[in-house]
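Here are the chains, one letter per residue:
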Amino acid sequence: MRHKVAGWKLGRNTAHRRSLLRNLVTSLILEERIETTVPKAKAMRPNVEKMITLGKRGDLAARRRAAAYLMTSDAVDKLFDTIGPRFGDRNGGYLRIVRSGWQKGDGAEKAFIELLGSEKVLDEKRQKRSEARAKRVAETKKAMEEAEAQAKAEGGAEPAAGGESKE
Amino acid sequence: MPNPKRRHSQRRTSTRRAHDALQGHSLSECPNCHEKKMPHRACSKCGYYKGREVLDVEEKS
Ligand SMILES: [Zn+2]
């Protein structure tokens with residue numbers, strides 16, 4: 001009896017669910033890690049693994065089948081050029097799902113799903129993000145200090161927040 | 001249709017509910033920062049899971 005193996009419907013009709021899964025798989029292949037809810041991560045996992053299997057095969061027919069499923073040709077190129085060769089010696093289990101907290105609003109459990117072996121890429125990404133954040137913080141700080149100095153120079157009677165917009 | 005014959009006393013109600021209390025989660029200890037965390041999940045305090053920093057935990061400025 002095949003009880004309890006129906007998979008995930010995700011509250012969508014067939015076309016909507018297929019679109020969602022194609023979008024998720026394409027994003028994961030391009031970004032190497034995406035954050036989503038646990039059921040979506042689990043539902044997309046077999047599709048990603050099938051795509052990676054196509055990427056490992058690497059022939060024209062496989063490429064056409066991947067292109068029929070993935071949303072962008074960039075994703076197809078990345079799948080066949082970098083991701084397929086990376087998993088050459090591994091038979092399945094290409095993904096990692098780690099639960100990471102709860103969504104505000106509906107309390108759904110969130111998780112990130114990432115390709116194994118993408119730690120280096122992701123660390124570089126995070127490094128870049130944190131540098132950008134630090135730069136942004138420094139710029140805001142500088143702008144605030146300048147605004148404050150200007151407000152002081154104009155007599156200090158005007159409030160610092162309103163001083164800039166009146167000019 | 002059958003109906004209740006008598007009203008329940010407050011005591012009877014609260015006696016019945018004495019066993020209805022919710023249980024807390026069983027928490028495990030984060031091996032990195034030693035805070036309590038939910039098992040099988042990334043630590044919400046330091047963002048570590050299985051010996052690797054996996055999440056960006058926002059620092060409050
Ligand atoms: Zn921790």
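Overview of the structure. The shown structure was predicted, so the numbers you read here are calculated from the model rather than taken from an experiment.

The subject of this paragraph is the overall build of chain B. Along its length, chain B carries one helix and four strands. In chain B, the order of α-helices and β-strands from amino to carboxyl end is α-β-β-β-β. When the 61 residues of chain B are sorted by exposure, 7% land in the buried category. In chain B, the proportion of contacts linking residues at least 24 apart, taken out of those at least 6 apart, comes to 0%.

Across the contact, five residues belong to chain A and eight residues belong to chain B. The element that contributes the greatest number of residues to the side of chain A that touches chain B is strand S2 (residues 95-102) of chain A, accounting for four residues. Broken down by class, the residue content of the side of chain A that touches chain B amounts to one nonpolar, two polar and two charged.

This part takes up the nonpolar core. Generally speaking, soluble globular proteins have nonpolar side chains that are buried together. Residue and element names in this part refer to chain A. Val25, Ile29, Met51, Leu70 and Leu79 are the most contacted members of the largest nonpolar core, which has 23 residues in total. Looking at this core, the elements that each hand over two or more residues are helix H1 (14-31), helix H2 (38-57), helix H4 (73-86) and strand S3 (109-115). Broken down by element, the residue count for this core peaks at six residues, all from H2. In contact with Met51, other than residues within four places in its own chain, are Val25, Ile29, Ala66, Tyr69, Leu70 and Leu79.

Reading guide: rules and limits
Residues numbered from 1 in each chain as written. Chains lettered and ligands numbered in written order. Predicted model: local features only at pLDDT ≥ 70, side-chain atom pairs only at ≥ 80, totals over all residues. Helix = DSSP H or I, 4+ residues; strand = E, 2+ residues; numbered from the N terminus. Buried ≥ 20, exposed ≤ 12 C-beta atoms within 10 Å, placed from the backbone. Contact = placed C-beta atoms within 7 Å. Nonpolar A, V, L, I, M, F, W, Y, C, P; charged D, E, K, R; others polar. Core = buried A, V, L, I, M, F, W, Y, C linked by C-beta atoms within 7 Å.

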